[in-house]
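Inside the fold
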Amino acid sequence: MSRRLTAGLVVLGALVAGAALGLVLVAPAGPSAPPPPPSQPVSPPVAPAPSTTAGSASDADVAATNVLANAIADAIRHADAKEFGRLTCRAQTSQALADLQAKWDAAGPLTVTLAGPPVVGGDSAGVTVHVEGAGGRKDTPFPMHRENGRWCVPG
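The present account deals with the structure reproduced in this document. Computed from a predicted model, the values in this text were never measured in an experiment.

1. Re the pattern of salt bridges
Taken as a whole and judged by the stated rule, the model has five salt bridges. With a closest N to O distance of 2.4 Å, Asp61 and Arg146 form a salt bridge. Placement of the pair is Asp61 in helix H2 (residues 59-77) and Arg146 in strand E4 (residues 136-147), with a sequence separation of 85 residues. Taking relative accessible area as the criterion, Asp61 reaches 10% and is therefore assigned buried. For Arg146, a relative accessible area of 23% translates into the label partly exposed. With its nearest N and O atoms 2.8 Å apart, the salt bridge here joins Arg86 to Glu83. With Arg86 and Glu83 both in helix H3 (residues 81-86) and three residues apart, the pair spans about one turn of that helix. Look at the salt bridges and you will find they share partners, linking Asp61, Asp123 and Arg146 into a network.

2. Re the environment of Arg77
By secondary structure assignment, the location of Arg77 is in helix H2. Residues Arg77 and Pro109, 32 residues apart in the sequence, show an inter-C-alpha distance of 7.7 Å. Contacts of Arg77, omitting those with residues within four sequence positions, involve Leu110 and Val112. From its side chain, Arg77 meets the backbone oxygen of Val112 in a polar contact 2.7 Å long.

Rules used throughout
Residues numbered from 1 in each chain as written. Predicted model: local features only at pLDDT ≥ 70, side-chain atom pairs only at ≥ 80, totals over all residues. Heavy atoms only, no water. Salt bridge = Lys/Arg side-chain N within 4 Å of Asp/Glu carboxyl O. Helix = DSSP H or I, 4+ residues; strand = E, 2+ residues; numbered from the N terminus. Buried < 20%, exposed > 50% of the residue type's maximum accessible area, 1.4 Å probe, protein only. Contact = heavy atoms within 4.5 Å. Polar contact = N/O pair within 3.5 Å; in protein donor to acceptor, adjacent residues only side chain to side chain.

Shown next as structure tokens:
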């Protein structure tokens, strides 16, 4: 064989071997191969916020019951029976609102907080309101109900 032919075969062999080695090194890993380590530290996944609902309440229901719960607390905090009357599902009599106003006026200044977020389940929900005043402290559960697309306090 001639030297040229031998040199050509050696070069061709080197190219084939190099191409095969290159394919092995750059071929994608199979499904069982572990992923390469990250180049930067990966932060742990953030846990979802605790649910304020029972069941599958919509975001709109959660938001609406939060608004209602805060409005209940504000009406009590400001001793505003008329405002509380606007939050009820049924119109309250003038006498019922006057009686409520008299109780709140007699109680004096109150510190009012929500004991937790409302718990929503279908068309019903509930929230506990924590009230502190000169006469002591009390946790009162307030039911909430959706009527005609509006969340309100039944009664």
